[in-house]
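The primary structure of each chain is shown beneath.
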Amino acid sequence: MKSYSLQNGLIICLLFISSPAVAGHGFVTTFGDIEWLPEPGRTPDMVGYQLDSWSEVGQLWLATTARQVVALSLGFAREKLAEAEVMLTAQDTAAARVALEHYWYYIDWAERALPPAEDGQNEKTIALIETLTTHLLEHQYILTIIHTDLSVESRGILREVFTTAQQRYPRIADRLPRKKRGAFFFKEEEVRWSVEMVLREEDGEG
């Protein structure tokens, strides 16, 4: 237990050194250049939301390359997180769940677009895996910031998202070559720590 604490202390110190940006939790963050969520547009509680969803899926079906599918999927996924934030802030948990279901739907599209592992790892495939890995970490980090501003009632839904994300992330990230995966170490540790903190805070309130 003692060595584990020392290791975590070293990691946090290194995070301070690695980037000049300061996060909402007061520590220096490795996510200083993160792009925040877009404006949500239509949300699940609005008329026409399903039409928007059909349009998004249509664009994915018309995409002709894995790169296009990943880019579109991740763009739509970020929109769904923005929708979920608005709905959670409004304490409309049913609508927030709809947005998050769509979020995972688009993450699935992005993952399925990756060439199968047995096909080998060329530079294009590695770049796509890096892109998806980066976005999954950024999404989790953004949600830890959003979590702080939500009511206690709305936070439980994000616990489910964190749990799912941390289960699925290794399946994708482990496809990266060792050196490429190592480059994500500090971001992975900051996300892990941030998620631990928000869940610990939530448990303390329960």
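How each quantity is defined
Residues numbered from 1 in each chain as written. Predicted model: local features only at pLDDT ≥ 70, side-chain atom pairs only at ≥ 80, totals over all residues. Heavy atoms only, no water. Helix = DSSP H or I, 4+ residues; strand = E, 2+ residues; numbered from the N terminus. Buried < 20%, exposed > 50% of the residue type's maximum accessible area, 1.4 Å probe, protein only. Polar contact = N/O pair within 3.5 Å; in protein donor to acceptor, adjacent residues only side chain to side chain. Contact = heavy atoms within 4.5 Å. Expected span 1.5 Å × (residues − 1). Salt bridge = Lys/Arg side-chain N within 4 Å of Asp/Glu carboxyl O. 1 Å grid on protein atoms, 1.4 Å probe; cavity = no way out; pocket = protein on both sides within 12 Å on 5 of 7 lines; lining within 4 Å. Points joined across faces, edges and corners; volume = space filled by probe spheres on them.

Visitor: In this structure, what is going on with the side chain of Glu-188? I would like to understand it.
Guide: Mapping Glu-188 onto the fold places it in helix α8 (residues 185-205). Given the relative accessible area of 17%, Glu-188 is considered buried. A distance of 2.7 Å separates polar atoms of two side chains, one belonging to Glu-188 and the other to Arg-181. What Glu-188 contacts, discounting residues up to four positions off in sequence, is Leu-137, Tyr-169, Ala-173 and Arg-181.

Visitor: I would appreciate a short explanation of the environment of Tyr-49 in the present structure.
Guide: Here Tyr-49 is to be found in helix α2 (residues 49-62). On the basis of relative accessibility, which here comes to 6%, the residue Tyr-49 falls in the buried class. Setting aside residues up to four positions removed in sequence, Tyr-49 forms contacts with Arg-42, Thr-43, Pro-44, Lys-80, Glu-83, Val-98, Ala-99 and His-102. Only 2.6 Å separates the side chain of Tyr-49 from the side chain of Glu-83, close enough to count as a polar contact.

Visitor: What's the story with helix α5 (residues 123-148) in this structure? I'm lost.
Guide: Residues that lie three or four places apart on an α-helix share one face, since the helix turns once every 3.6 residues. Taking 1.5 Å of rise per residue, 26 residues should cover 38 Å, and α5 covers 38 Å from first to last C-alpha, within 8% of that figure. For α5, the N-terminal cap is Asn-122; the gap from its side-chain oxygen to the backbone nitrogen of Lys-124 is 3.1 Å.

Visitor: Any chance you could explain the pattern of salt bridges here in plain terms?
Guide: If charged atoms from side chains of opposite charge come close, those side chains can pair. Tallied over the entire structure, the rule returns 13 salt bridges. One salt bridge connects Glu-130 with Lys-180, and the closest N-O pair in it is separated by 3.9 Å. With Glu-130 in helix α5 and Lys-180 in helix α7 (residues 178-182), the pair connects residues that are 50 residues apart, well separated along the chain. Classification of Lys-180 by relative accessible area gives partly exposed; the value is 35%.

Visitor: What is the right way to read the layout of surface pockets from this model?
Guide: To find leftover empty space, a probe the size of one water molecule is rolled over the atoms. Approximately 200 Å³ is the volume found for the largest pocket. Forming the walls of the largest pocket are Arg-67, Val-70, Ala-71, Pro-115, Asn-122, Lys-124, Thr-125, Ala-127, Leu-128 and Thr-131. Counting only elements with at least two residues in the lining of the largest pocket, the list comes to α3 (66-89) and α5. Per-element tally for the lining of the largest pocket: the top contributor is α5, with five residues.

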